[in-house]
Amino acid sequence: MAETSPAAKKPSLTEQERDLELQAFIEFQKADYQACLKSLQKLLKTQEANPKVLHNRSVVEFYNSDLRRYDQFRTAMVQHTGLLGEIRAVEIKDCESCAAYVNQAIVLYHFKQPLAALKIMLAVMAHFDQLDDYLLRRAGIFTVHLLLDTNQPKKANRLLGMLQNRLGIQVYAILSDSDEDEPLIDNESRKDISELQFEEFRKEFRLILIRSNLLNGKKNMSIPLEDTSEYSILKGHQYFLGNDYQMAAKELSKQFTNEPVCVQRHGEDQNTVLANDMGVIHFSVKHYALAARFFQQALLFDQAATEDTSTEKVEGSPLYCVGATKRPEILYNHGLALLHLQRPKEAFECLLIVLNSYHNNPRLWLRLAECCIMVHRQERQQQGKNISQGAVGSGVHRKYVLNPAPKTPVVDGDQSLAIPATTLEFGALCLRNAVTLLELHEPELVRQTENCDRTVSWDKVYEGVPCNPSLPMKLASFNKLKCAVLAAYSFVLNTLGEYSLGLKYAKQLLTVKDLPQSYLLLSHMYSAEALVMMNRPL
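All residue numbers refer to position in the chain's written sequence, counted from 1. Local features in this predicted model are restricted to residues whose pLDDT is 70 or higher, and side-chain atom pairs enter the listing and the counts only when it is 80 or higher, whereas totals over whole chains, interfaces and linings include all residues. With hydrogens and water excluded, all non-hydrogen atoms of the structure serve as input to the side-chain values.

- An unreviewed UniProt entry lists the chain under the name CCR4-NOT transcription complex subunit 10, from Anopheles triannulatus.
- The chain has a UniProt comment under Function (unreviewed entry) that states "Component of the CCR4-NOT complex which is one of the major cellular mRNA deadenylases and is linked to various cellular processes including bulk mRNA degradation, miRNA-mediated repression, translational repression during translational initiation and general transcription regulation."
- A UniProt comment under Sequence similarities (unreviewed entry) is attached to the chain, and it reads "Belongs to the CNOT10 family." UniProt positions are given in the numbering used here, feature names are shortened, and annotations may be inferred rather than shown by experiment.

### Brief notes about the environment of A528
Phase 1 of the analysis: Topologically, A528 is positioned in helix α22 (residues 517–533).
Phase 2 of the analysis: Per-residue accessibility, obtained with a 1.4 Å probe over protein chains only, is compared with the maximum for each type, and a residue is labelled buried under 20%, exposed over 50%, and partly exposed between these values. Residue classification places A528 among the partly exposed residues on the basis of a relative accessible area of 39%. Here a helix means four or more residues in a row that DSSP labels H or I, a strand means two or more in a row labelled E, and each is numbered from the N terminus.

### Remarks on the packing of helix α14 (residues 270–284) against helix α16 (residues 327–340)
Phase 1 of the analysis: Working convention: axes come from line fits to C-alpha atoms, limited for helices to the stretch in contact. Angles between N-to-C directions cover 0 to 180 degrees. Interhelical geometry of α14 versus α16 gives an angle of 30 degrees and a closest axis separation of 11 Å. The angle between α14 and α16 places the two elements in the roughly parallel class. In this structure, α14 meets α16 at a crossing whose hand is left-handed. Within the contact between the two elements, α14 uses T272, N276, V280 and F283 and α16 uses I330, N333, L336, A337 and H340.
Phase 2 of the analysis: Per-class residue counts for the contact of α14 with α16 are five nonpolar, four polar and no charged. For classification, angles of less than 35 degrees are called roughly parallel, those exceeding 145 degrees roughly antiparallel, those between 65 and 115 degrees roughly perpendicular, and all remaining angles oblique. The hand of a helix crossing depends on one turn: near helix anticlockwise from the far one by less than a right angle means left-handed, and clockwise means right-handed. Contacts are residue-level and defined by heavy atoms, with any inter-residue pair within 4.5 Å sufficient. Here the term charged refers only to Asp, Glu, Lys and Arg, the term nonpolar to Ala, Val, Leu, Ile, Met, Phe, Trp, Tyr, Cys and Pro, and the term polar to all other amino acids, Gly among them.

### Some thoughts on the state of the cysteines
Phase 1 of the analysis: Criterion for a disulfide: a pair of cysteine sulfur atoms within 2.5 Å. What the rule picks out here adds up to zero disulfides.
Phase 2 of the analysis: Cysteine C95 remains unbridged, with the sulfur of C98 as its closest cysteine sulfur at 4.4 Å.
Phase 3 of the analysis: Classification of C95 as buried rests on a relative accessible area of 19%.
Phase 4 of the analysis: Take C372: it sits in no disulfide, and the sulfur closest to it among the cysteines is that of C430, at 5.4 Å.

### Overview of helix α15 (residues 288–306)
Phase 1 of the analysis: One fewer than the residue count of a helix, multiplied by 1.5 Å, yields its expected span. Its 19 residues give α15 an end-to-end C-alpha distance of 27 Å, which sits within 8% of 27 Å, the value for a rise of 1.5 Å per residue.
Phase 2 of the analysis: Y288, A291, A292, F294, F295, A298, L299, D302, A305 and T306 are the residues of α15 that are buried. Mapping the buried residues of α15 onto a view down its axis gives an arc of 160 degrees, with all of them on the same face. Pointing more than 90 degrees away from the buried face of α15 are the exposed residues A289, R293 and L300.
Phase 3 of the analysis: Tucked into the core, α15 has its buried residues touching α13 (263–266), α14 and α16. As used here, the arc is the angular range of directions from the helix axis to the C-beta atoms.

### A word on the pattern of salt bridges
Working definition: two side chains of opposite charge can pair if their charged atoms are close together.
Phase 1 of the analysis: Each reported salt bridge corresponds to a side-chain nitrogen of Lys or Arg within 4 Å of a carboxyl oxygen of Asp or Glu. The full count for this structure, using the stated rule, is 15 salt bridges.
Phase 2 of the analysis: With its nearest N and O atoms 3.3 Å apart, the salt bridge here joins R206 to E226. Remark: E226 occurs in the loop between α10 (195–215) and α11 (229–241) and R206 occurs in helix α10; sequence separation between them is 20 residues.
Phase 3 of the analysis: Overall, R206 belongs to the buried group, its relative accessible area being 7%.
Phase 4 of the analysis: E226 sits in the partly exposed class, given a relative accessible area of 32%.
Phase 5 of the analysis: Of the charged contacts, one joins K254 and E251 as a salt bridge, the two residues approaching to 2.9 Å between their closest N and O atoms.
Phase 6 of the analysis: Overall, K254 belongs to the partly exposed group, its relative accessible area being 34%.
Phase 7 of the analysis: For E251, a relative accessible area of 8% puts it in the buried group.

### Comments concerning unusual backbone geometry
Phase 1 of the analysis: Of the consecutive residues N468 and P469, the connecting peptide bond is found in the cis state with omega at 5 degrees.
Phase 2 of the analysis: Of note, P469 is situated in the loop between α19 (424–450) and α20 (475–495).
Phase 3 of the analysis: Positive phi, close to 65 degrees, is recorded for A31, a residue that is not glycine.
Phase 4 of the analysis: Of note, A31 is situated in the loop between α1 (15–29) and α2 (33–44).
Phase 5 of the analysis: One non-glycine residue, K112, lies in positive phi territory at about 60 degrees.
Phase 6 of the analysis: Looking at where K112 falls in the secondary structure, it is placed in the loop between α5 (98–110) and α6 (114–125).
Phase 7 of the analysis: Judged by relative accessible area, K112 falls into the partly exposed class, the value being 38%.

### Describing the packing of helix α4 (residues 70–81) against α5
Phase 1 of the analysis: Packing of α4 against α5 leaves a shortest axis separation of 9 Å and a crossing angle of 140 degrees. Relative to α5, the element α4 lies oblique. Helix-helix and strand crossings are classified by hand; for α4 and α5 the assignment is left-handed. Contacts between α4 and α5 involve F73, R74, M77, V78, H80 and T81 from the first element and A100, Y101, N103, Q104, V107 and L108 from the second.
Phase 2 of the analysis: Class assignment of the residues belonging to the contact of α4 with α5 gives a composition of seven nonpolar, four polar and one charged.

In C-alpha cells:
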C-alpha cells in the first residue's frame, strides 16, 4: 500500500523533488515498479532521512518482488513503527506515519494474527478525520474486514457509517444492479484514483456492506442477483440466518459464472469455503454424519489448495498466500461434529490442533474436557458389559465367574499430566484452564454490560468478550458456559478422588444467578457425593 497521494504531503520539498515524487506516484499507480524505484532513489539523494520516502521505497521494493519478500518488508515496517513482539497498546502520535502502521497490520493479518492487526488499525482510525481519502478508503475497509473476521459486527457497522459520511458514499446506489444510477461516490472524493481502482473499491465496499448488514441482523436486505460465488455465498448466508437451510444449500450448489477463486490468485480457495459452509448447514439441522463428511472434504480441499503455499515463512509464495489455510477453523467444526457423533477420540485429535491457534478460547478447553469425559464413560460402559466370564452349574447351584477387576492405570511420577491424552487427568487440566479464562474475562464482561446502554464511541460498542473462532461471549452465553464448566469440573474431580475441590466447585456452581434446574440438581448431587466420600454425611 503506497503511503498517500502527493497532494497530502507536507510542503517541505523543493519543486524538483515534488516533481520526482509525483512521477514516482504515477509510476506506482501504473505498476511500473522498476521506474518508480529509480525515481525514489533519485529523491533519496536529497531526502535520505525522510521517513516517508524510505517507507515508500520499502513498499515499492516489496511490490517489485511480486509480494514475495515479506520478511524483508515486515522488518522494514517494524523499523518504521517500532512495534516489535507482542502488541499490547498502540499509540500513533504522527498522523503522517499511519501508512507504515497499516502495512504492518496487513502483514500481521496474513500471518494469522488478526487481533494484533486490529489493535494497530484502531490506533490508525483514531486519526480518522486527519487521514486523506486515498489512505482512508483502504485503511477503513481493511479495519471493517478485521472487525467482521473477529466477530465484532456492531463496531464494523458504525465504522462503515462513518466512511459513508466522510467519502460521500450513497448506499442505495451501491446495492443497485443498475450502473446508470447516480455515482456511488461524489467526483470530488474520488479524483485521486483511476476508474479501475474506483470499480475495485466499489465492488469491495458492496460486498463488505452486505456482509456487515447480514451479521447485524438485517436478514431481509436486498442482495444483487449475480450468480457469482461471492454473492451466492452471501445469499446462502442470508437464507441460513433466516433458518431456511434447504435454500441455503441450494444457493451454494449453483453453477457460478465467475472464474473460480483460488489461493494462487486470490489468497482463498472457493471449494474449501463452500464445503465448510455446507457442513455448517447440515450441522445446524443435526445431520452430524453428513456435516462431518463435508468438513472432511473441506480439509482435503484446503490441503490441496495450500500444499504449494505453506503457512511457514517460505519466500517462494506471495504474502496473500501465507496464512491462506482455513484448517484450524474447519478442524474446530469437524471436532464438534465428531463429538456429537460419540467419537470423542477423533474429536480430541481435531480440537487439539485448533488449540495451537485459539488457546484463549474457554469453549475449546471445555470441548476437550468433554472428549476426555466421554472416553471415560465409554470405557466404563465397556467394562460393565464384560463383568462376567461365564457361569458354572445350574439351578440353585449356579455360580458366575467374574472377570478380574480392570487394572487402574498408574501415572509414572516422571510423566507429566499436561501431556495431551484422553484421560480424566488431562480433562481436569483443560477445565482448570477454562475456569481461569472465565475468571479473567468476567470483570471485563461485567464492565461492558454496565456500559452497554451509554452513548460511546464506535470502537467502544458492547460486543462481548472475544472467543474466536466461535461467537463472542455475552452475559447470557457466559453464564451458560460457566455452569457447564463448573459442573464438568466438579464431576471430574470427584471421579479422580479430589473430593474437597469437587465440593468447592459444586458450591461455586450454586452461586450462579438464575441457575437452571438441571445444573441445580447436578450441583447438589456432586456436593452430596463429595461430602459422603469425605465422611461428612451430615
